[in-house]
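Notes for the structure review
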Amino acid sequence: MARKVFTSFHYVPDNWRASQVRNMGKIEGNPAVTVNKWEEVTNGGDKAIEKWIDDNMYGKSCIVLLVGANTANRKWIDYEIKKAWSDGKGIVGIHVHNLLDSDSNQSSKGKNPFTGFNLDGVALSEIVKCYDPPYSISTNVYNHIRENIEDWIEEAITIRNRY
């Protein structure tokens, strides 16, 4: 049975890549958000965005952060990481830069978004895993994620339960 997860990603450049991961049938979670819906949420300001994140993260056991070229250090990505950790949810990162976007392009590898967080003097990146599929061909990257994502989620939940 697929775990209910919250998928997090930098919307504009990585929405297509995120859709590929969400459509693998390996995870359940927050439904895809259309550009119009996201615009509606963001037009409501910071409180509306926080509420949307909080509502969509509720009832999930893990967040899967899909890491693209510019995911690290984004305001709402950081908010989601902090919220997930404080709520006791598992967190796992997966680099998706080598998945093709809607224009059949790959992007550059982004920084680990967990590096900037500390937990009692230890970098969160030393605790939370951020996987980088070892392939450069998009279909191989896709297959690697599809074959491993459920195990990565379970591992993230186990890691979080230790802290």
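About the cut-offs
- Residues numbered from 1 in each chain as written.
- Predicted model: local features only at pLDDT ≥ 70, side-chain atom pairs only at ≥ 80, totals over all residues.
- Heavy atoms only, no water.
- Helix = DSSP H or I, 4+ residues; strand = E, 2+ residues; numbered from the N terminus.
- Polar contact = N/O pair within 3.5 Å; in protein donor to acceptor, adjacent residues only side chain to side chain.
- Contact = heavy atoms within 4.5 Å.
- Buried < 20%, exposed > 50% of the residue type's maximum accessible area, 1.4 Å probe, protein only.
- Core = buried A, V, L, I, M, F, W, Y, C linked by side-chain atoms within 4.5 Å.

Observations regarding the side chain of D14
Position of D14 relative to the elements: it lies in helix α1 (residues 11-22). For D14, the side chain forms a polar contact with the side chain of R17, separated by 3.0 Å. The contact partners of D14, leaving out residues within four places of it in the chain, are F9, G68, A69 and T71.

Section: unusual backbone geometry
One non-glycine residue, S104, lies in positive phi territory at about 65 degrees. Take S104: it is sitting in the loop between β4 (90-95) and β5 (118-119). For D120, which is not a glycine, the phi torsion comes out positive at approximately 50 degrees. The topology assignment puts D120 in the loop between β5 and β6 (122-123). According to the relative accessible area criterion, D120 is exposed, its value standing at 79%.

Brief notes about the nonpolar core
I53, I81, I91, F114 and L124 are the most contacted members of the largest nonpolar core, which has 23 residues in total. Listing elements by their share of this core, those giving two or more residues are α3 (45-57), β3 (62-67) and α4 (75-86). Setting aside chain neighbours within four positions, we find I53 in contact with F6, W76, Y79 and E80.

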